[in-house]
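Working through the structure, step by step
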2 protein chains.
Amino acid sequence: MSDKANPTAAILIIGNEILSGRTQDINVKFLAGHLAALGHKLEEVRVVPDVPERIVRAVNELRASYDNLFTTGGIGPTHDDITSACIAAAFGVPWEKHQPTWDAMERHLGAENFNAARRRMATLPRGAVPIPTSMTIAPGFSIGNVHVMAGVPRIMQSMFMALEPVLGRGLPISMRAVHGMGVKEGSIAAGLAAIQERFPMLDLGSYPFYRETGSGVAIVAKGTDEAALDAAIAEAEALIVGQGIVAVRGEPKA
Amino acid sequence: MSDKANPTAAILIIGNEILSGRTQDINVKFLAGHLAALGHKLEEVRVVPDVPERIVRAVNELRASYDNLFTTGGIGPTHDDITSACIAAAFGVPWEKHQPTWDAMERHLGAENFNAARRRMATLPRGAVPIPTSMTIAPGFSIGNVHVMAGVPRIMQSMFMALEPVLGRGLPISMRAVHGMGVKEGSIAAGLAAIQERFPMLDLGSYPFYRETGSGVAIVAKGTDEAALDAAIAEAEALIVGQGIVAVRGEPKA
């Protein structure tokens, strides 16, 4: 665990179903929002296919680069669930029976149903610590700074909630937004750049939106300095008003 | 352009707004589906923050690894729109006035509105070829095997549509699915692994779903061999029926 003000994080999605366009990922948005609230800074997301060498390489690159790595997907009982074995390979440790999980699954399912496929889910990298949730008897797990979670959103969410207490907290990363209908980015760009220069501790972003009710621009300030956030978003508001446009605090509604 | 049966592709999302959890990305699913239909194989997605060295590194890693790289985001007129300059840096070419775009924007906007911010959008890496769309006067562009598009979904989509004719086609990558309510993955895993072994030219995936109307498993086969797809999905159907469960062709509905 890092004692930096804002520990860094990456997400690795192990997911043929995302790369094929079959499935709309919603795990990144959930994790990104929750990590920000915990004060962890999400710095990278990768999606790779269910190919062992691709998974092992991505795990090793990302766990070396960031304080925490969260993976989603590939921990079920079928042939395409290879995440757990790949994590063992990435760490260079045996992939072996995890006795407490093995016993719990056998008890829960009954010996007659605890077949070879399900036994794979009780097989973990040596040193892995299960992430207990009420939602599934087969656990996610943490090993070092890598946290291995399910791909199904509601199971992933329950695993992340169980992880939160052990992740530790950084300075909460907050956002403020102000938007104006009819604002043109090209007309406020110079003013916005000047605000960014005055508040180098913040990330200032400009996001055009196109809605049924009209188009415009949302200006978003992000950072850990609450006073700076208040001051910067007030300046952004004045910038919009200076265009002769009504500025509205918050994000535009659909 | 590659003459492989299935050219490979990667997507790079340049997006603080995705990493902060502010925005739900929907560009990956659109691009993934359209690339599959064109016969291009999406092999990796990365999301990186609006930080020059991170963008340059990711562009150079991904363009070297895949036949085509598609980027989204960061080509507007504001200070946080740094993709175009980063692409020039990645290719080691000057970032300079693109005269035809410059002239078109000046004509369209009027000289009095063609300010420094908007002139940045007419500044492209040397050698870039604009991607013309009716939706915006400021273009995306291609340089080498890198295709630089907007982040706003409907603009990105119009740019991708304009790119399709020049991308070339591979063998179309098709999917077939069959699902069964109440199927348990652990009970069909061995049978499914055997089907995968009989059809090594296909990717067979198993995806649990949880819906208001009930839970179950969808089996998805993906590949370019239509006869193999038909045969494999028929075997998957029989596997579900063998569990005493009604098998339904296609994806489960919400």
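Residues numbered from 1 in each chain as written. Chains lettered and ligands numbered in written order. Predicted model: local features only at pLDDT ≥ 70, side-chain atom pairs only at ≥ 80, totals over all residues.

1. So, the overall build of chain A
Keep this limit in mind: What counts as a helix is a DSSP run of H or I of at least four residues, what counts as a strand is a run of E of at least two, and both are numbered from the N terminus. Residues are called buried when their C-beta atom has 20 or more other C-beta atoms within 10 Å, exposed when it has 12 or fewer, and partly exposed otherwise; all C-beta atoms are positioned from the backbone. Two residues qualify as a contact pair if the distance between their C-beta atoms, derived from the backbone, is within 7 Å.
For chain A, the count of helices and strands is nine helices and twelve strands. Principal-axis analysis of the C-alpha atoms places the extent of chain A at approximately 75 × 40 × 30 Å. Looking at the 254 residues of chain A, the share that counts as buried comes to 50%. Sequence-distant contacts, at least 24 apart, represent 70% of the contacts inside chain A between residues at least 6 apart.

2. A few points about helix H7 (residues 153-167) of chain B
Residues and elements named next belong to chain B. Note the cut-off: Expected span of a helix: the number of residues minus one, times 1.5 Å. At any given residue, the bend is defined as the angle formed between two axes, one fitted to the seven residues that end at that position and one fitted to the seven that begin there.
Taking 1.5 Å of rise per residue, the 15 residues of H7 would be expected to cover 21 Å, and the 20 Å separating its terminal C-alpha atoms lies within 8% of that figure. Its axis deflected by about 25° at Met-161, H7 carries its strongest bend there, up to four residues before the proline Pro-165. The set of residues buried in H7 consists of Ile-155, Met-156, Ser-158, Met-159, Phe-160 and Leu-167. Packed against the buried residues of H7 are helix H2 (27-38), strand S3 (68-72), strand S6 (129-131), strand S7 (140-143) and strand S8 (146-149). Phi turns positive one or two residues past the end of H7, at Gly-168, with a value near 80°.

3. A look at the environment of Glu106(A)
All names here are of chain A. Along the polypeptide, Glu-106 turns up in helix H5 (residues 99-109). For Glu-106, a count of 16 C-beta atoms within 10 Å gives the class partly exposed. As a C-alpha pair, Glu-106 and Val-246 span 140 residues in sequence and 63 Å in three-dimensional space. If near-sequence neighbours (up to four positions away) are discounted, Glu-106 is found in contact with Ala-111 and Phe-114.

4. Concerning the packing of helix H3 (residues 52-65) of chain B against helix H4 (residues 83-91) of chain B
All names here are of chain B. For clarity, the cut-off: As a rule, the C-alpha atoms of each element are fitted with a line to give its axis, helices using only the stretch in contact, and angles between N-to-C directions run from 0 to 180 degrees. Small angles under 35 degrees read as roughly parallel and large ones over 145 as roughly antiparallel, with 65 to 115 read as roughly perpendicular and the rest as oblique. Handedness of a crossing follows from how the near helix is turned relative to the far one, being left-handed for an anticlockwise turn of less than a right angle and right-handed for a clockwise one.
Closest axis-to-axis distance for the H3/H4 pair is 9 Å, and the angle between their directions is 55°. Taken together, H3 and H4 sit at an angle that is classed as oblique. Like other packed secondary-structure pairs, H3 and H4 cross with a definite hand, here right-handed. Across the interface between the two elements, Pro-52, Ile-55, Val-56, Val-59 and Asn-60 of H3 pack against Thr-83, Cys-86, Ile-87, Ala-89 and Ala-90 of H4.

5. Examining the domain arrangement of chain A
Accessible area lost upon the coming together of the parts serves often as the stated size of an interface. Put simply, the rule reads: A domain assignment, automatic or from a database, supplies the domain bounds used here.
Split into domains, chain A comes out as domain 1 (8-167) and domain 2 (174-249). Centre-to-centre separation of domain 1 of chain A and domain 2 of chain A, based on C-alpha positions: 38 Å.

6. Digging into the relation of the copies chain B and chain A
One chain copy maps onto the other through a rotation about an axis and a shift parallel to that axis. To be explicit about the condition: The copies are overlaid by a least-squares fit using only the C-alpha atoms of residues whose pLDDT is at least 70 in both copies.
Each copy superposes on the other: chain B lies on chain A with an RMSD of 0.0 Å after a rotation of 180° and an axial shift of 0.0 Å. Read as a symmetry element, the transformation amounts to a two-fold axis. Across chain B, the rotation axis passes nearest the C-alpha of Arg46(B), at a separation of 2.2 Å. Both copies share a contact surface, since 100% of the interface residues of chain B are interface residues in chain A too.

7. Considerations on the sheet that holds strand S12 (residues 248-249) of chain B
Residue and element names in this part refer to chain B. Note the threshold: Two strands make a pair as long as DSSP finds a minimum of two bridges between them.
An order of S10-S11-S9-S12 is seen for the four strands of this open sheet, with the pairing classed as antiparallel. Looking at which strands have only one partner, the edges of the open sheet turn out to be strand S10 (203-211) and S12. Strand direction decides the pairing type here: strand S9 (residues 174-181) and strand S11 (residues 214-223), joined by eight bridges, are antiparallel. Each bridged residue has a counterpart across the sheet, and for Arg-176 the counterpart in S11 is Ala-221. Sitting on the sheet, helix H8 (residues 185-198) touches S10 and S11, and the angle it makes with S10 is about 160°.

8. Section: the interface of chain B and chain A
Applied cut-off: Each residue gets one of three labels, nonpolar for Ala, Val, Leu, Ile, Met, Phe, Trp, Tyr, Cys and Pro, charged for Asp, Glu, Lys and Arg, and polar for the others, Gly among them.
Counting from both sides, the interface comprises 51 residues of chain B and, opposite them, 51 residues of chain A. Where the side of chain B that touches chain A is concerned, the elements lending two or more residues are helix H1 (16-19), H2, strand S2 (41-48), helix H6 (116-120), H8, S10 and S11 of chain B. For the side of chain B that touches chain A, a count of residues per class yields 25 nonpolar, 13 polar and 13 charged. The pairing of strand S2 (residues 41-48) of chain A with S2(B) spans three bridges and is antiparallel. The residue of S2(B) that forms the bridge with Arg46(A) is Arg46(B).

9. Overview of the sheet that holds S2(B)
The mixed open sheet is built from twelve strands, whose spatial order is S6(A)-S7(A)-S8(A)-S3(A)-S1(A)-S2(A)-S2(B)-S1(B)-S3(B)-S8(B)-S7(B)-S6(B). Of all strands in the sheet, those bounded by a partner on one side alone are strand S6 (129-131) of chain A together with S6 of chain B. For this sheet, the mean inter-axis angle between neighbouring strands, taken without regard to orientation, is 20°. Relative to strand S8 (residues 146-149) of chain A, strand S7 (residues 140-143) of chain A is paired through three bridges, and the arrangement is antiparallel. The residue of S8(A) that forms the bridge with Ser142(A) is His147(A).

10. With respect to the packing of helix H8 (residues 185-198) of chain A against helix H9 (residues 226-241) of chain A
Residue and element names in this part refer to chain A. Look at H8 against H9: their axes get within 10 Å of each other, and the N-to-C directions meet at 165°. Judged by the angle between their axes, H8 and H9 are roughly antiparallel. In terms of crossing hand, the pair formed by H8 and H9 is right-handed. Between H8, through Ile-188, Gly-191, Leu-192 and Ile-195, and H9, the contact on the second element is made entirely by Ala-232, Glu-235, Ala-236 and Leu-239. Taken together, the residues of the contact of H8 with H9 break down into six nonpolar, one polar and one charged.

11. A few points about the pairing of S8(A)
Residues and elements named next belong to chain A. Burial of the side chains of S8 extends over both faces: Val-146 and Val-148 are buried on one face and His-147 and Met-149 on the other. Pairing between strand S3 (residues 68-72) and S8: four bridges, direction parallel. Looking across to S8, one finds that Thr-72 is bridged to Met-149. Once S7 ends, the chain turns through two residues before running back antiparallel as S8, passing Gly-144 with a positive phi of about 55°.

12. Remarks on the pairing of S11(B)
Residues and elements named next belong to chain B. By the criterion of burial, S11 is predominantly enclosed, with eight of the ten residues buried. Note: S10 against S11, nine bridges, orientation antiparallel. Pairing of Ser-206 across the sheet is with Ile-219, part of S11. If you look at the hairpin formed by S10 and S11, you'll find two residues sitting between the two strands.

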